[in-house]
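Analysis of the macromolecular model
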Amino acid sequence: MSNKSLAAALAAFVVIGIAAPARAGSSSKGDLKPTVVAPGAKGKVVFQGKGGSRARFQVQASKLPPTSTFDVVVKGVKVATLGTNKGGAAKAKFSTQPKAGKEALLGFDPRGVPVSIRTPEGEEVLRGDVPDPVVKTSDAGKVACCVPDDDGGAECEDRTPERCAFEGGTLAPTDSCLPDPCGGSPDLDGDGEDEEDDDDEGKILCCLPGADAATSDDPEVECEDVSAVECATQGGTVLEATSCDASPCAPAVPATKTVCCVPDDDAYECEDRTAARCADLGGTVMDGVTSCAVDTCAGL
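Residues numbered from 1 in each chain as written. Predicted model: local features only at pLDDT ≥ 70, side-chain atom pairs only at ≥ 80, totals over all residues. Heavy atoms only, no water.

**Some points on the pattern of salt bridges**
Following the criterion strictly, the structure yields ten salt bridges and no others. The salt bridge involving R56 is made with E103; its shortest N-O contact spans 3.2 Å. Taken together, the positions of R56 in strand β3 (residues 55-62) and E103 in the loop between β6 (90-95) and β7 (104-105) put the pair 47 residues apart, joining distant regions of the chain. The residue E167 makes a salt bridge to R163 at a minimum N-O spacing of 2.8 Å. Residue classification places E167 among the partly exposed positions, given a relative accessible area of 25%. On the accessibility criterion, R163 (42% relative accessible area) is partly exposed. In this structure, a network of salt bridges that share partners links the residues R54, E155 and E157. (Salt bridge = Lys/Arg side-chain N within 4 Å of Asp/Glu carboxyl O. Helix = DSSP H or I, 4+ residues; strand = E, 2+ residues; numbered from the N terminus. Buried < 20%, exposed > 50% of the residue type's maximum accessible area, 1.4 Å probe, protein only.)

Following this line, the structure appears as structure tokens:
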């Protein structure tokens with residue numbers, strides 16, 4: 001690339017604006033803490049970033065009821081089902097290039113967001129998050145970049161702005177390459193090829209968070225048929241499913257909630273929570289009270 005071409009490409013970055021640093025990093029792991037529903041349970045989450053839009057993620061659980069089924073919920077979206085063995089242990093594996101029958105599609109970025117394991121009735125048994133990996137010195141200053149590939153498309157890679165421009169790339173519309181915000185379709189069958197849909201080419205199933213995603217334990221989640229770019233830029237999760245008809249995004253939500261006074265600095269805040277979640281938050285269940293009022297928690 002000539003100096004003039006490089007200068008022009010870098011100028012394009014100025015017009016677009018300064019990109020947020022890419023969430024580059026290698027490995028990260030964290031523990032899932034038990035709730036009062038299953039106080040003896042143990043869990044772990046492990047993230048392995050392989051650069052750009054290539055990564056693996058694993059959720060492990062043990063000391064749960066044997067031969068039972070649980071849901072894995074990430075960012076309020078049901079992403080997998082766990083089945084425990086006779087010893088009460090289970091494991092779910094995810095990959096951006098999943099091996100058929102062995103791994104589920106990693107269509108989300110688990111770093112820094114809530115991860116939980118729930119019963120089919122919606123009660124959490126384990127809860128935690130995946131810490132952001134420590135950024136290596138070699139990754140400092142990198143951004144998410146859509147780099148042209150040999151097939152005429154683009155793939156998301158972690159690059160410095162200068163390197164991105166040198167390779168003919170453009171800034172990605174998000175700070176993460178998970179899911180791929182550059183238009184790449186997920187490889188759902190593990191054959192190394194992007195998926196194509198003759199009836200609706202370029203569209204995928206995406207779980208989009210509702211307006212209450214930042215404030216609710218159980219936010220509204222909608223399944224939509226959109227492009228990979230739309231899904232990524234709206235903070236969605238690429239779904240490994242064939243149809244939105246069965247509402248595959250939404251996890252089970254506890255049917256019964258109580259009025260709970262949750263400690264908030266030097267006061268209490270009234271919230272609707274299950275009894276288990278209330279206890280987990282250190283709150284007090286207000287027996288006989290059916291809804292929150294201004295003075296519900298005033299006497300605590």
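Having seen the model, we can carry on.
**Let's talk about the nonpolar core**
If you look at the biggest cluster of nonpolar residues, it comprises 36 residues, and the most contacted ones within it are F57, V59, V72, F94 and I117. Beyond its immediate stretch of four places on either side in the chain, F94 contacts A55, R56, F57, V59, V79, A80, A104, L105, L106 and F108. Counting eight residues, the second largest nonpolar core, distinct from the first, contains L208, A228, C231 and V238. (Core = buried A, V, L, I, M, F, W, Y, C linked by side-chain atoms within 4.5 Å. Contact = heavy atoms within 4.5 Å.)

**As for the packing of aromatic side chains**
In the structure shown here, the tally under the stated rule is three aromatic pairs. Relative to F108, the ring of F94 has its centre 5.5 Å away and its plane inclined at 75°; by these criteria the two rings are edge-to-face. Linking F94 in strand β6 with F108 in the loop between β7 and β8 (114-118), this pair joins segments that are 14 residues apart in sequence. As far as the burial class goes, F94 and F108 line up, both buried. Aromatic rings pair up to connect F57, F94 and F108 into one cluster. (Phe/Tyr/Trp six-rings, centres within 6.5 Å; stacked < 30°, edge-to-face > 60°.)

**A closer look at the state of the cysteines**
Here, the word disulfide means a covalent bond between the sulfur atoms of two cysteines. By the definition in use, this model includes nine disulfides. With its sulfur 2.1 Å from that of its partner, C206 forms a disulfide with C231. Measuring the twist about the S-S bond at about 85°, one finds the C206-C231 disulfide to be right-handed. Taken together, the residues C206 in strand β13 (residues 203-209) and C231 in helix α3 (residues 228-233) connect sequence positions 25 residues apart. (Disulfide = S-S within 2.5 Å.)

**Topic: the side chain of R118**
By secondary structure assignment, the location of R118 is in strand β8. In terms of polar contacts, R118 uses its side chain to reach the backbone carbonyl oxygen of A252, at 3.2 Å. (Polar contact = N/O pair within 3.5 Å; in protein donor to acceptor, adjacent residues only side chain to side chain.)

**Focus on the side chain of D158**
Position of D158 among the secondary structure elements: in strand β11 (residues 154-159). Put simply, D158 is tucked away with no salt bridge, and the nearest opposite charge, on R111, sits 6.5 Å away. Polar side-chain contacts of D158 include one of 3.2 Å to the backbone nitrogen of G52. (Lys, Arg positive; Asp, Glu negative; His and termini not counted.)

**Some points on the confidence of the model for the chain**
Per-residue pLDDT for the chain averages 83, and the proportion of residues at 70 or more is 84%. Segment residues 1-18: pLDDT under 50, and 18 contacts once partners within four positions in sequence are set aside and those in other chains are kept. Under a pLDDT of 50 for its full length, residues 195-200 has, in the predicted model, six contacts with residues more than four places off or in other chains. (pLDDT = per-residue confidence, 0-100.)

**Some points on the sheet that holds β7**
The strands making up a sheet are joined through hydrogen bonds of the backbone, oriented either antiparallel or parallel. If you trace the nine strands from one edge of the open sheet to the other, you get β5-β4-β8-β9-β1-β2-β3-β6-β7, paired in mixed fashion. The open sheet is flanked by β5 (77-83) and β7, the only strands paired with a single partner. The sheet contact formed by β8 and strand β9 (residues 124-129) spans five bridges and is antiparallel. Within the sheet, the bridge partner assigned to V115 lies in β9 and is G128. (Pairing = 2+ DSSP bridges.)

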